[in-house]
Amino acid sequence: MPRLLQWITGWFDGQSGQAADRLPVRVGGTEYRRASSTPVSPPGVDQPLLWVMVALLVWGLVMVYSASIAMPDNPRFAHYAPTHFLGRHALSLVIGAMVALLSFQLPMAQWERMAPWLFVVTLALLALVLLPGAGKVVKGARRWLTLGPVSFQPSELAKLAMLLYAAGYMVRKMEVKERFFRAVLPMACAVALVGVLLLAEPDMGAFIVVAMIAMGILFLGGVNARMFLLIVAVLLAAFLLMIANSPWRRERVFAYLDPFGEEHAQGKGYQLSHALIAIGRGEIFGVGLGGSVEKLHWLPEAHTDFLLAVIGEEFGLVGVLTSIVLFLWMTRRIMHIGRQAIALERVFSGLVAQGVGIWLGLQAFINMGVNLGALPTKGLTLPLMSFGGSAILMNLVALALVLRVDHENKRLMRGGRA
């Protein structure tokens, strides 16, 4: 493993690009200055962040195997081998790592130029998935495009595309960021367009994440507090209206409030009630790896949305707290890299890094809140850990961009070019 990490960090020491000449925005009071003398050369990338990423990926691979090993006992998956989901997840990790390594080689200036085009491509894919015959329907939702033996979920790409587009948009609108109609309204229309396509699938969870990414970048980019609060109020009203006008969403909320109630335990509250039973069985130290009972066809989607419940049952409170600490540390580190880039007058790079922190931190928070019964049930995976090829691919590409930002920061701080 140390040799693998050494090879990866060496590969990450890629070609230099052009530094962006931008004005700094919110830095949080922290100053970073270029050293006047030549410092000792720092590593090419943030190694602690890389180690945490690898730890989450490896732990996720183990837990996906543990949560899915008994699935062939179900008639629905009778033709699958016990290692089917393990093999698919491992393949997703390999493909994701390869694409992430390639993504790292592109300078952030190149990503800034590509951002509008990537956003347009994403809109086309979100529209394509809704066409009969093109989109694959699973459990009533049309969210996947079939590409030979694999499926791709455009909503995962939408998170990355919105992040890059919003960061580039704020850099372009830096001079008019205090004007609602010239700065905020066009961005709101872009989010609304993506939201309409996502809700048509339907995928409200992805829309929530996309909206939060855009809002976070607007705020970090310098939009004043009054406009930001107005956006928050509008989004909250929109979400409440969607829940009020959707009977099955209302049922989910009522089931969340009383998952063990007689009218919910075998209906909309079934997943949550069994997730809570799994976490309760784990107590402090868990029942041991592979010892989960709830994964034996009691807890639906144990290897995807409810992987944390299996972690809680097999590793107990210690396992859940370890997951929370790792994600908290990773999010904090990513935000630090973003602030550092902004202090070095690289606004686009800084907003991209902080946007990734918002994305992964928020999605992990929602997934954990759902598993612990703190939030209504919502179909969002645990980043880097849950089974899902599209999500793993986009998570790794996003983190590769963060490592690229950190790499360029370090080159600037030792007197080089980004």
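Residues numbered from 1 in each chain as written. Predicted model: local features only at pLDDT ≥ 70, side-chain atom pairs only at ≥ 80, totals over all residues. Heavy atoms only, no water.

Visitor: Could you clarify how one ought to interpret the overall build of the chain in this entry?
Guide: Counting its regular elements, the chain contains 13 helices and 3 strands. Relative to its full complement of 418 residues, the chain shows a buried share of 52%. Expressed as a percentage of contacts within the chain between residues at least 6 apart in sequence, the contacts between residues at least 24 apart total 73%. For the chain, the accessible surface area stands at approximately 18800 Å², while carbon and sulfur atoms represent 65% of it. (Helix = DSSP H or I, 4+ residues; strand = E, 2+ residues; numbered from the N terminus. Buried < 20%, exposed > 50% of the residue type's maximum accessible area, 1.4 Å probe, protein only. Contact = heavy atoms within 4.5 Å. Areas by Shrake-Rupley, 256 points an atom, 1.4 Å probe, with all protein chains shown as cover.)

Visitor: Would you explain the packing of aromatic side chains in this entry?
Guide: What characterises a pair of aromatic rings is the spacing of the ring centres plus the angle enclosed by the ring planes. Scanning the model with the defined rule gives 5 aromatic pairs in all. Geometrically, the ring pair formed by Y80 and F85 is edge-to-face, given 5.7 Å between the ring centres and 70° between the ring planes. What makes F85 buried here is its relative accessible area of 7%. Consider the rings of F119 and Y165, whose centres lie 4.4 Å apart with planes at 15°: the pair is stacked. With F119 in helix α4 (residues 108-128) and Y165 in helix α5 (residues 154-172), this pair connects stretches of sequence that are 46 residues apart. Summarising the burial analysis for this pair, F119 and Y165 share the class buried. Among the aromatic side chains, those forming a connected cluster through ring pairs are Y80, F85 and F387. Its end group placed over the ring of F104, R404 keeps NZ or CZ at 5.5 Å from the ring centre. (Phe/Tyr/Trp six-rings, centres within 6.5 Å; stacked < 30°, edge-to-face > 60°. Lys NZ or Arg CZ within 6 Å of the ring centre and 35° of its normal.)

Visitor: Can you walk me through the packing of α4 against α5 in this structure?
Guide: Packed helix pairs are characterised by how far apart their axes lie and by the angle those axes make with each other. It is at 8 Å that the axes of α4 and α5 come closest, and there the two elements cross at 140°. On the basis of the axis angle, α4 is oblique to α5. The crossing of α4 and α5 is left-handed. Where α4 approaches α5, its residues W111, E112, A115, P116, L118, F119, T122, L125 and L126 are matched on the opposing element by P154, S155, L157, A158, A161, M162, L164, Y165, V171 and R172. Broken down by class, the residue content of the contact of α4 with α5 amounts to 15 nonpolar, 2 polar and 2 charged. (Axes fitted to C-alpha atoms, helices over the stretch in contact; angles between N-to-C directions. Parallel < 35°, antiparallel > 145°, perpendicular 65-115°, else oblique. Left-handed = near helix turned anticlockwise from the far one by under 90°. Nonpolar A, V, L, I, M, F, W, Y, C, P; charged D, E, K, R; others polar.)

Visitor: I keep staring at the sheet that holds strand β2 (residues 141-147) and nothing clicks. Help me out?
Guide: In any sheet, the strands associate via hydrogen bonds between backbone groups, in a parallel or an antiparallel arrangement. Here we have 3 strands laid out as an open sheet, ordered β1-β2-β3, and antiparallel in their pairing. Each end of this open sheet is capped by a strand with a single partner; those strands are β1 (135-138) and β3 (150-152). Strand-to-strand twist in this sheet, taken as the mean axis angle between neighbours without regard to direction, amounts to 50°. Alignment of β1 against β2, held across 4 bridges, turns out to be antiparallel. Counterpart to K136 in the pairing with β2 is W144. (Pairing = 2+ DSSP bridges.)

Visitor: Would you mind showing me how to read the environment of G168 here?
Guide: Topologically, G168 is positioned in helix α5. Of the residues examined, G168 reaches a relative accessible area of 2% and is grouped as buried. As for G168 and L351, which are separated by 183 residues in sequence, their C-alpha atoms are 8.6 Å apart.

Visitor: Can you walk me through a nonpolar patch on the surface in this structure?
Guide: Together, I284, F285, L317, V318, L321, I324 and L372 line one region of the surface with nonpolar side chains, adding up to about 610 Å² of accessible area. Mapping L321 onto the fold places it in helix α11 (residues 307-343). (Patch = residues over 30% accessible without salt bridge, like charges linked within 9 Å, V, L, I, M, F, W, Y side chains within 5 Å. Salt bridge = Lys/Arg side-chain N within 4 Å of Asp/Glu carboxyl O.)

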